[in-house]
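Inside the fold
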Amino acid sequence: MARADERSYVRVLVVLDTTILIIALLIGYVARFGDDEPTGSEIPYVLVAPGLVLAWLISLKALGCYDDRVIGYGADEYRRVSSASLRLAGAIAIFGYIAGVGVSRGFLGISFAVGTVGLEVARFAARKRLHRARSIGAGWSRKMLVVGDTAHVLELVHTLRREPYAGYQVVGACIPDALLAPVAQRLGDVPVVGSFRGIPEAATAIGADTVAVTASGELTAARLRRLGWQLEGTGVDLVVAPALTDVAGPRIHTRPVAGLPLIHVEAPEFRGARKLVKGLVDRSVSSLALAVLLPLIAFIALAIKLDSRGPVLFRQVRVGRGGQEFGVFKFRTMVVNADALLAELAARNETDGLMFKMRQDPRVTRVGRLLRKWSLDELPQLVNVLLGQMSLVGPRPPLPSEVARYDGDVARRLLVKPGMTGLWQVSGRSDLSWEDGIRLDLYYVENWSLAADLTILWKTFGAVLNGRGAY
């Protein structure tokens, strides 16, 4: 059933891509030639267009844009789509120059620009629909059999279930013989369907199409290699989940040495040219945003002033990079004596860890509730970004009282500037547990990149419009 759903999704992508490409070529033709036939040219565009659509689809297929390992999750799908389009454009330009074929460069340029953007947007829309379906257990997902020691199996299951839209549904587990009991076992709600001796048979019995091997002292290199041989030709994929977690792909390089696939992990980058570029982008975007949003900022300030007594802005001491304290600016969303009332509400805290959160906090004003829902109370932080105290994207800026209770691992959040938005913002905000929020912040600190920042900024708009976790 999963394979059938997968093939159906791929067919939808092919239809979407074909439609987008036809529209792009029509736009390119009309933009270049209008309603008139091209004059002074012997090129039969009525034949060129279908040939170009076919070549484009072949290019997408050749670069794995319909590969089930990349579609539906991660940035690799988008990179492959762009790469396939750019490579085809380059090949056509070179061929046209060598063969002397006079296809209009304006027609090709407009068609490829519109087509590439259109393909990316269509893939994004299809993926969002797939993610919504997966979140309620209805979308195409791979059925996974997890193999390993009990603790590592449970950890992998927990990790996969944190992001159900990734498309992996754990349907069973295989654990060492020594842990098997004479009666049926379950690890949480995952049934134990066998031991290491019968992994292929267990996968077939439960209809799994993927076997994920995690850490176990009994799974030696020889047994793992033999398992790969046993799964050949069965249609079941073998994946290995290393103990190394929360490290992004760009920092990982595999290098074969003496038959061993050694994984090289680059150190995180906390300074250098990329950091300078990030700072330049932060200040440029924040200054432009302040100029564009000035009328909205003035309107919000007036609404706050008319709604309740007190200042428009709220300045609170937070901790930035390297432990340096600074004053973060926000629109005031609470009554003036909010801090004095906190002790009375401490017992009603709805989150764990070091933060205080209440869905119906009585200290929040009427205008403040609207500002929080749409995250408009954070607009003044653009000034902090302009001053170099914060970044557009980064970990949540902590309070000094929180930092005082940090352990060695959590303190790594202070290696980079805090951000107006971040992984915590696009992953649930206040609905996240303290542990998950810290995990996301540390993941960003270790693996930040300019491309990731742009992705987070894009997702922030969706998170704000959705309003999930905002209170």
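Check the entry above for the structure.
Residues numbered from 1 in each chain as written. Predicted model: local features only at pLDDT ≥ 70, side-chain atom pairs only at ≥ 80, totals over all residues. Heavy atoms only, no water.

Before going further, it helps to examine empty space enclosed by the protein. Under the counting rule described, the total for this entry stands at one cavity of 30 Å³ or more. Considered as a void within the structure, the largest cavity measures approximately 40 Å³ in volume. In terms of lining residues, the largest cavity is bounded by Val-319, Gly-320, Arg-321, Pro-395, Arg-396, Pro-398, Arg-413, Leu-414, Val-416 and Pro-418. Partitioning the lining of the largest cavity into residue classes produces six nonpolar, one polar and three charged. (1 Å grid on protein atoms, 1.4 Å probe; cavity = no way out; pocket = protein on both sides within 12 Å on 5 of 7 lines; lining within 4 Å. Points joined across faces, edges and corners; volume = space filled by probe spheres on them. Nonpolar A, V, L, I, M, F, W, Y, C, P; charged D, E, K, R; others polar.)

Turning to the nonpolar core, a few remarks are in order. Side chains of a nonpolar character, in soluble globular proteins, are inclined to be buried together. One finds Tyr-9, Trp-56, Leu-60 and Ile-71 to be the most contacted residues of the largest nonpolar core, which totals 26 residues. Those elements giving two or more residues to this core turn out to be helix 1 (2-33), helix 2 (45-62), helix 3 (76-99) and helix 4 (105-135). By size, the runner-up hydrophobic cluster in this structure holds 23 residues, among which are Ile-304, Phe-326, Val-328 and Leu-423. (Core = buried A, V, L, I, M, F, W, Y, C linked by side-chain atoms within 4.5 Å. Buried < 20%, exposed > 50% of the residue type's maximum accessible area, 1.4 Å probe, protein only. Helix = DSSP H or I, 4+ residues; strand = E, 2+ residues; numbered from the N terminus.)

The next subject is the packing of helix 3 against helix 4. Running from N to C, helix 3 and helix 4 cross one another at 165°; their axes reach a closest spacing of 10 Å. On the basis of their axis angle, the class for helix 3 and helix 4 is roughly antiparallel. The chirality of how helix 3 crosses helix 4 is right-handed. From helix 3, Glu-77, Tyr-78, Val-81, Ser-82, Ser-85, Leu-88, Ala-89 and Ile-92 reach across to helix 4, where they touch Leu-108, Phe-112, Thr-116, Leu-119, Glu-120, Arg-123, Phe-124 and Arg-127. For the contact of helix 3 with helix 4, the residue count by class is nine nonpolar, three polar and four charged. (Axes fitted to C-alpha atoms, helices over the stretch in contact; angles between N-to-C directions. Parallel < 35°, antiparallel > 145°, perpendicular 65-115°, else oblique. Left-handed = near helix turned anticlockwise from the far one by under 90°. Contact = heavy atoms within 4.5 Å.)

Turning to helix 11 (residues 366-373), a few remarks are in order. Restricting attention to buried positions, one finds in helix 11 the residues Val-367, Gly-368, Leu-371 and Arg-372. Down the axis of helix 11, the buried set is contained in an arc of 135°. They therefore lie on one face. Seen from the open side of helix 11, the exposed residues pointing more than 90 degrees away from its buried face are Arg-366 and Leu-370. Where helix 11 is buried, its residues touch helix 9 (294-307) and strand 10 (325-331). Among the residues of helix 11, the N-terminal cap falls to Thr-365, whose side-chain oxygen and the backbone nitrogen of Gly-368 are separated by 2.9 Å. Positive phi appears at Ser-375, one or two residues downstream of helix 11, with a value of about 60°. (Arc of directions from axis to C-beta. Polar contact = N/O pair within 3.5 Å; in protein donor to acceptor, adjacent residues only side chain to side chain.)

Moving on, we get to the packing of aromatic side chains. Throughout the structure, instances matching the rule amount to four aromatic pairs. Aromatic side chains Phe-124 and Trp-458 sit 5.8 Å apart centroid to centroid with 70° between the ring planes, which places their arrangement in the edge-to-face category. A residue pair is termed long-range when its members are at least 10 positions apart, and Phe-124 in helix 4 and Trp-458 in helix 16 (residues 450-466) qualify at 334 residues. Judged by relative accessible area, Phe-124 falls into the partly exposed class, the value being 29%. For Trp-458, a relative accessible area of 54% corresponds to the exposed category. Above the face of the Trp-448 ring, Lys-275 is positioned so that its terminal group lies 4.4 Å from the ring centre. (Phe/Tyr/Trp six-rings, centres within 6.5 Å; stacked < 30°, edge-to-face > 60°. Lys NZ or Arg CZ within 6 Å of the ring centre and 35° of its normal.)

Distances and angles like these do not, on their own, reveal function.
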